[in-house]
Amino acid sequence: MSHIDTICVQGGYHPGNGEPRQVPIIQSTTFKYDTSEDMGKLFDLEAEGYFYSRLQNPTCDHAAAKICEMEGGATAMLTSSGQAANFYAVFNIATCGDHVVASSSIYGGTYNLFAVTMKKMGVEFTFVAPNCTDEELEAAFRPNTKAVFGETIANPALTVLDIEKFAAAAHRHGVPLIVDNTFATPVLCRPFQWGADIVTHSTTKYMDGHASAIGGCIVDSGNFDWMAHAEKFPGLCTPDDSYHGITYATRFGKGAYITKATAQLMRDFGSTPSPQSAFLLNLGLESLHVRMQRHCENAQAVAEHLQNHEKIAWVRYSGLEGDPYHAQAVKYLPNGSCGVVSFGVKGGRAAAETFMKHLKLGAIATHVADARTCCLHPASSTHRQMNDQELIAAGVSADLVRLSVGLESKEDLIADIDQALAAL
Ligand SMILES: *Cc1c(COP(=O)(O)O)cnc(C)c1O
């Protein structure tokens, strides 16, 4: 396999003689066939091909194929958002009456999806601390557990998942580990190498990298043996009546999980990415490896500066030697800990808000991971539906400022932070 830098630039799309060098935007809802018989084969999943862009579109498939190669996966699909990716990834194997073990240190939107919305759909979640003991992790499993879920680098708590440990526990119980790899990206960590079975992304973040298009992706390693645990996964291992009795796991092998998510969930829920968004995503991917390096370098410098500043109460960045997750970062993130740093300003919630107001380069935005530096106060925005106890469990204190360090000069960023802190 090529180096990830080469895959970022050239993966997923290989034009033939005389074809467009850049991925073409196939802005078409539908595709033409000569006979009804040809089309019928597509509907029965007997032949591969495009017929309606709610299910599959060539532009989207090129971007998905690139991300699949970057992760070292077997198959992948794009979704319209990271939320849709995580929902599909879990709901594809856990439905009403099932249970999932999840790290408590996850994105606020994912927590809400799991703890509130999917709970209403009959899927129960048990949340465990990312640094839980083996016994605590073991105790979270139930006979109806169907998956384990965590984030490589959690947004916004910045804990680093012990992927090997969570994968081992999942596999002891015959279920896959799903890892949201949004903040690390495959440039910094490839969860499949550590035993994860399925990876999800909000491509909205570093992959897009320019705050231009919402999107998501699901990648399957193809490593999980569904048939070996057939009683747990009837959706994959018994015939699907809505496709003339196809059994995904026997018919599609390593493609079973993504085929089912496309054929059932995308068909029925329709969280379809637009070809235009997939094109923008692919443009972002072409420079991801270069940008991640700079994001990491800038964030490391900012984190080290903040750590020594008298007006800062605490800093969390796993690239810092004193960070509680530093050992995990050394293992899983040897090339850097992404561009996001969180910290508390002395003086708590009010001081955090004053500091943020005075930043000139760092804009207040409900976003992370694009070229421009931005910041957010999660307790009053993304996590505001949580009570104080839930905030603590999610690793988000009331004074936490999340700074997404962009691609500007690190000297300018540090000067901007210093003048904003001087205003306190
Ligand atoms: C942003 C984010 C999501 C949700 O993605 P959207 O593209 O905003 O729907 C999921 N997981 C993580 C870790 C995120 O940062």
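Here we summarise the structure given alongside this text. Source: prediction; values computed, not measured. (Residues numbered from 1 in each chain as written. Predicted model: local features only at pLDDT ≥ 70, side-chain atom pairs only at ≥ 80, totals over all residues. Heavy atoms only, no water.)

### Some points on the sheet that holds strand S6 (residues 198–202)
Across the sheet, which stays open at both edges, the 7 strands sit in the order S1-S7-S6-S5-S4-S2-S3 with mixed pairing between neighbours. Of all strands in the sheet, those with a lone pairing partner are strand S1 (75–79) and strand S3 (124–128), marking the two edges. Across the sheet, the mean angle separating the axes of adjacent strands is 20° when strand polarity is ignored. Pairing analysis gives 5 bridges linking strand S2 (residues 99–103) to S3, with the strands arranged parallel. By the bridge assignment for S3, Val 100 is matched with Phe 125. Of the strands in this sheet, S1, S6 and strand S7 (216–220) touch helix H11 (residues 256–269), which is tilted by about 30° from S1. (Pairing = 2+ DSSP bridges. Helix = DSSP H or I, 4+ residues; strand = E, 2+ residues; numbered from the N terminus. Axes fitted to C-alpha atoms, helices over the stretch in contact; angles between N-to-C directions. Contact = heavy atoms within 4.5 Å.)

### Observations concerning the sheet that holds strand S10 (residues 363–364)
Across the sheet, 5 strands lie side by side as S8-S9-S12-S11-S10; this open sheet has mixed pairing. Across the chains shown, the open sheet's two edge strands, defined by having one partner strand only, are strand S8 (312–316) and S10. Here 2 bridges tie S10 to strand S11 (residues 374–376), and the two strands are oriented parallel to one another. Across the sheet, the residue bridging to Ile 364 is Cys 375, located in S11.

### A closer look at helix H5 (residues 108–120)
An α-helix turns once per 3.6 residues; consequently, residues spaced three or four apart project the same way. If you check H5, its first and last C-alpha atoms are 17 Å apart, about what 13 residues at 1.5 Å a residue would give, namely 18 Å. The largest bend in H5 amounts to roughly 30° and is located at Phe 114. In this structure, the buried side of H5 is in contact with helix H4 (82–91), S2, S3, strand S4 (145–151) and helix H16 (388–393). Just downstream of H5 lies Gly 122, where phi reads positive at about 95°. (Expected span 1.5 Å × (residues − 1). Bend = angle between axes of the 7 residues up to and from the residue.)

### As for the environment of Cys 237
Secondary-structure assignment places Cys 237 in helix H9 (residues 234–237). In sequence terms Cys 237 and Trp 226 are 11 residues apart; their C-alpha atoms lie 7.0 Å from each other. Residues contacting Cys 237, with those up to four places away along its chain left out, are Trp 226, Met 227, Ala 230, Thr 247 and Ala 249.

### A look at the site of the ligand
Around the ligand there are 16 residues in total, and Asn 155, Asp 180, Ser 202, Thr 204 and Lys 205 lie nearest to it. A distance of 2.9 Å separates an oxygen atom of the ligand from a polar backbone atom of Gln 83. Between the ligand and Thr 204 there is a distance of 2.6 Å, counted from an oxygen atom to a side-chain nitrogen or oxygen. Alone, the ligand offers 380 Å² of accessible surface; in the complex the protein occludes 93% of this. No other element matches the 3 residues that H4 contributes to the shell around the ligand. (Near = heavy atom within 4 Å. Polar contact = N/O pair within 3.5 Å; in protein donor to acceptor, adjacent residues only side chain to side chain. Areas by Shrake-Rupley, 256 points an atom, 1.4 Å probe, with all protein chains shown as cover.)

What is shown is where atoms sit, not what they do.
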